[in-house]
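Understanding the architecture of this molecule
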Amino acid sequence: VTKKAWELLPDIAKQLKVSMWDILFLNQYTVPGISKGCRLKRNTSLFYPSERAKYDAISNVRRNKKGKSSATQWFFARENDTPKQLAKRFKVKCRDLVDANIGGLPDLQSSSRLMEGTKLQVSNFDAK
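Counting restarts for each chain: residues are numbered from 1 in the order of the written sequence. Per-residue local features of the predicted model are confined to residues with pLDDT of at least 70, and side-chain atom pairs are confined, for both listing and counting, to 80 or more; whole-chain, interface and lining totals are unaffected and use all residues. In computing side-chain values, all of the structure's heavy atoms are included and hydrogens and water are not.

1. With respect to the pattern of salt bridges
- Any carboxyl oxygen of Asp or Glu that lies within 4 Å of a side-chain nitrogen of Lys or Arg is treated as forming a salt bridge with it. Throughout the structure, instances matching the rule amount to 3 salt bridges.
- Of the charged contacts, one joins Asp99 and Arg95 as a salt bridge, the two residues approaching to 3.0 Å between their closest N and O atoms. In this pair, Asp99 and Arg95 are both assigned in helix α5 (residues 94-101), 4 residues apart and thus about one turn of the helix distant. Secondary structure counts use DSSP, requiring at least four H or I residues in a row for a helix and at least two E residues in a row for a strand, with both numbered from the N terminus.

Pasting the structure below:
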């Protein structure tokens, strides 16, 4: 629940230590007009991923990093991770990783320093 009037979605995501995109996805049908730059009224109820959900997503990526799964895998970055480091960790081409995530992170480059909790696609790049 938002505590202040007109809170920005990115600020709420930062407070909750979750991806703004996850909040958008989880609330697209329950909060009319929710978008990246919207300001929310006081006492707006929002869904957001639990700590357990973040853990499951990360451990699932680690179990499947050798490409044994056809499902798209996601990873929540740690503070100052770079796409180049993550590409090496998950044995994928850095350019593919950047291209797959540029839609949600328009300024993403191979050397970009990521904020903790940034959600990145790390497999199945040809799936749309």
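2. Here's the deal with helix α1 (residues 9-16)
- Partly exposed residues are those whose accessible area sits between 20% and 50% of the maximum for their type, while under 20% is buried and over 50% is exposed, using a 1.4 Å probe and protein chains only. Those residues of α1 not exposed but buried are Leu9, Ile12 and Ala13. The arc that holds the buried residues of α1, viewed along the axis, is 100°, so those residues lie on one side. The outward face of α1, more than 90 degrees from its buried face, is lined by the exposed residues Lys14 and Gln15.
- Where α1 ends, the next residue or the one after it, Lys17, has phi of about 60°, a positive value. Picture the helix axis, draw a direction to every C-beta atom, and the arc is the one those directions span.

3. As for α5
- Buried residues of α5: Leu97, Val98 and Asn101, and no others. An end-on view of α5 places all buried positions within 95° of arc, on one side of the element.
- In what follows, residue pairs with any heavy atoms lying within 4.5 Å of each other are defined as contacts. Where α5 is buried, its residues contact β3 (74-76), α4 (83-89) and β4 (119-121).

4. Quick notes on the environment of Val98
- When you line up the elements, Val98 lands in helix α5.
- Measuring from C-alpha to C-alpha, the distance between Val98 and Ala87 comes to 9.0 Å, with 11 residues separating the pair along the chain.

5. Quick notes on unusual backbone geometry
- One non-glycine residue, Lys17, adopts positive backbone phi at about 60°.
- Mapped onto the elements, Lys17 comes out in the loop between α1 and α2 (20-27).
- Here Asn80, not a glycine, exhibits a phi torsion of approximately 70°, which is positive.
- The class of Asn80 is partly exposed, set by a relative accessible area of 40%.

6. Quick word on the environment of Leu24
- Note on placement: Leu24 falls in helix α2.
- Taking relative accessible area as the criterion, Leu24 reaches 12% and is therefore assigned buried.
- In sequence terms Leu24 and Ile34 are 10 residues apart; their C-alpha atoms lie 6.8 Å from each other.
- With sequence-adjacent residues up to four places away left out, Leu24 is seen in contact with Leu9, Ile34, Ser35 and Lys36.

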